[in-house]
Amino acid sequence: MHRRNSVVIVTFTILCALMLIIYRPDISLFASESSFEEIDELNHVKAMGLVDISRSEIATEMKDFETTNEMLELSKMTPESNGIPIRNVILSTWNTGSSYLGDILNVIPGNYYFHEPLRHLGDIQIREQNTLLTEAMQLLDRVLKCNFTGLDQYMKHVIHDYNIGLSKLCGTVIPSNLCKTDATFLNAFCGIFPIQTMTEVRLRPAFVEPLLTDSELNVKIVLLIRDPRGIIASRKRDEWCAHSQECLDYKKLCQDLVFDAKAAQYLSTKYPERFKAIRYEDLSLNTFKVAKEVLDFYGLPLHKNVKQFLISHRLDVEHSILKSLNYKDTAFSWQSSLKFREIAKIQLQCTDALDLWGYQQVISVQELRGDSFYPLLEYPYST
């Protein structure tokens, strides 16, 4: 009898518990939401505390920092104090080496790196005046001014690994999700950096004049160009590109290069101190020389971090912090990776683009495989 009563009591207790769960689910739900809100708030407070720590670290790292002008006080250059940072924009298209050039600038102390802020728009090129261009220009203006409030799609697609400052915090000290949702934190963190670097591959240079003329931005733009044969060869190795109609369309690519040449001629003539065009191949073959020219143009020194980066990446050092590549070899790798009939098709569509940017066409298999062919002609936009 005692055993039977025990079974009845246990059964009754379990049934009561189940009924509570079924008919009063809001108790556990609200408790869970409250807990998550408390955790989010604690993480936000922690993140904001890291902003103060990072501000001090930047000041220490830049203690002996020099620009081409006299030493500038950091407080006059940070967005949080209504200052104007040194803003460096690298404009290009996919597979031109823009990430490499961005990495060179990214190792400079006090630099906040925006890697392809229009990434959320997908595999597109903005080639004409439309609502998409308006949206893109407004976004670029806002992120350069460290105003991420309401930019949910942008924050969702940001890859923090490219940003050295954020990569130290996101997913380690604070949850990675916070770095994609907490605009208040991102606004504050971005605001403590006196230097900004942006790479963008979805906007053609014909539309960037408003950025150059905005005195509140103080933007300087480098347009990075690459031989279309090298671009196509590089894109063919990327899996994502195989599924993108835009990516492998070399007719559109070369039309872009023609229009880019016209835009470069106009902008470099009208804004010689704010717009500069360079070729990827020149950067690959004369890395230190061209890198210094770019840094001088931006008003930045050849910092010891940059020298170390260039040495390690030129020598393909495996233990480098960032991925090492032999960029000298990649400059002309298309000569061996593409078949001659592929090259001939590209050249047929890209004759004007090759001529405008100083690239020589190859006319036979024998010339392609021989030792005497050299793809580079005199660069038409050298200063």
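Residues numbered from 1 in each chain as written. Predicted model: local features only at pLDDT ≥ 70, side-chain atom pairs only at ≥ 80, totals over all residues. Heavy atoms only, no water.

### Focus on the overall build of the chain
Then, in step 1: Tallying secondary structure elements over the chain gives 20 helices and five strands in all.
Then, in step 2: The buried share of the chain, taken over its 383 residues, is 48%.
Then, in step 3: Sequence-distant contacts, at least 24 apart, represent 74% of the contacts inside the chain between residues at least 6 apart.
Then, in step 4: Summing over all exposed atoms, the chain offers an accessible surface of approximately 20100 Å²; the carbon and sulfur share of this is 55%. (Helix = DSSP H or I, 4+ residues; strand = E, 2+ residues; numbered from the N terminus. Buried < 20%, exposed > 50% of the residue type's maximum accessible area, 1.4 Å probe, protein only. Contact = heavy atoms within 4.5 Å. Areas by Shrake-Rupley, 256 points an atom, 1.4 Å probe, with all protein chains shown as cover.)

### So, helix α14 (residues 287-298)
Then, in step 1: Its 12 residues place the ends of α14 16 Å apart at the C-alpha level, agreeing with the 16 Å of an ideal helix rising 1.5 Å per residue.
Then, in step 2: Within α14 the residues assigned to the buried category are Thr287, Val290, Ala291, Val294, Leu295, Phe297 and Tyr298. Around the axis of α14, the buried residues are gathered within 160° of arc, so they sit on the same side.
Then, in step 3: Looking one or two places after α14, you find Gly299, whose phi comes out positive at around 85°. (Expected span 1.5 Å × (residues − 1). Arc of directions from axis to C-beta.)

### Looking at the packing of helix α10 (residues 228-236) against helix α18 (residues 340-349)
Then, in step 1: For the pair α10 and α18, the least separation of the axes is 10 Å and the interaxial angle reads 125°. The pairing of α10 with α18 is recorded here as oblique in orientation. Between α10 and α18 the crossing geometry is right-handed. For the pair α10 and α18, the contacting residues are Arg229, Ile232 and Lys236 in the first and Glu342, Ile343, Ile346 and Gln347 in the second.
Then, in step 2: Residues that form the contact of α10 with α18 fall into these classes: three nonpolar, one polar and three charged. (Axes fitted to C-alpha atoms, helices over the stretch in contact; angles between N-to-C directions. Parallel < 35°, antiparallel > 145°, perpendicular 65-115°, else oblique. Left-handed = near helix turned anticlockwise from the far one by under 90°. Nonpolar A, V, L, I, M, F, W, Y, C, P; charged D, E, K, R; others polar.)

### Considering α10
Then, in step 1: Among the nine residues of α10, eight are classified as buried, and the element is accordingly described as predominantly covered.
Then, in step 2: Every buried residue of α10 is listed here: Pro228, Arg229, Gly230, Ile231, Ile232, Ala233, Ser234 and Arg235.
Then, in step 3: Each element contacted by the buried residues of α10 is listed here: α11 (239-242), α12 (250-270), α17 (334-337), α18 and α19 (351-357).

### Quick notes on the pairing of strand β3 (residues 195-200)
It is a general feature of regular strands that their side chains alternate between the two faces of the sheet.
Then, in step 1: Counted residue by residue, β3 has six buried out of six residues, so it is predominantly covered.
Then, in step 2: As paired strands, strand β1 (residues 86-91) and β3 are joined by six bridges and run parallel to one another. Directly across from Ile90, in β3, lies its bridge partner Thr199. (Pairing = 2+ DSSP bridges.)

### Details of the pattern of salt bridges
Then, in step 1: Counting across every chain of the model gives 15 salt bridges.
Then, in step 2: A salt bridge links Glu80 to Arg55; the shortest N-O distance between them is 2.8 Å. Highlighted residues: Glu80 in the loop between α2 (25-61) and β1 and Arg55 in helix α2, separated in sequence by 25 residues.
Then, in step 3: With a shortest N-O distance of 3.3 Å, Lys145 and Glu216 are connected by a salt bridge. (Salt bridge = Lys/Arg side-chain N within 4 Å of Asp/Glu carboxyl O.)

### Quick look at the state of the cysteines
Then, in step 1: Applying the stated criterion across every chain yields a total of four disulfides.
Then, in step 2: The disulfide partner of Cys241 is Cys247, and the S-S distance across this bridge is 1.8 Å. Here the S-S torsion is close to -105°, and the disulfide linking Cys241 with Cys247 is therefore left-handed.
Then, in step 3: Going through the chain in sequence order and numbering each bonded cysteine, the pairs you get are 1-4, 2-3, 5-6, 7-8. (Disulfide = S-S within 2.5 Å.)

### Quick look at a negative patch on the surface
Then, in step 1: The grouping of Glu37, Glu38, Asp40 and Glu41 at the surface amounts to a negative patch.
Then, in step 2: On the secondary structure map, Glu37 appears in helix α2.
Then, in step 3: Accessibility expressed as a relative area gives 55% for Glu37, which makes it exposed. (Patch = residues over 30% accessible without salt bridge, like charges linked within 9 Å, V, L, I, M, F, W, Y side chains within 5 Å. Lys, Arg positive; Asp, Glu negative; His and termini not counted. Charge placed at Lys NZ, Arg CZ, Asp CG, Glu CD.)

### Some thoughts on the packing of α10 against α12
Then, in step 1: The contact between α10 and α12 brings their axes to 11 Å, and the two run at 140°. One way to sum up the angle between α10 and α12 is to call them oblique. The hand of the α10/α12 crossing is right-handed. Residue-level contacts link Pro228, Ile231, Ile232 and Arg235 of α10 to Tyr250, Leu253, Cys254 and Leu257 of α12.
Then, in step 2: For the contact of α10 with α12, a count of residues per class yields seven nonpolar, no polar and one charged.

Such coordinate-based values are descriptive only and should not be taken to indicate function.
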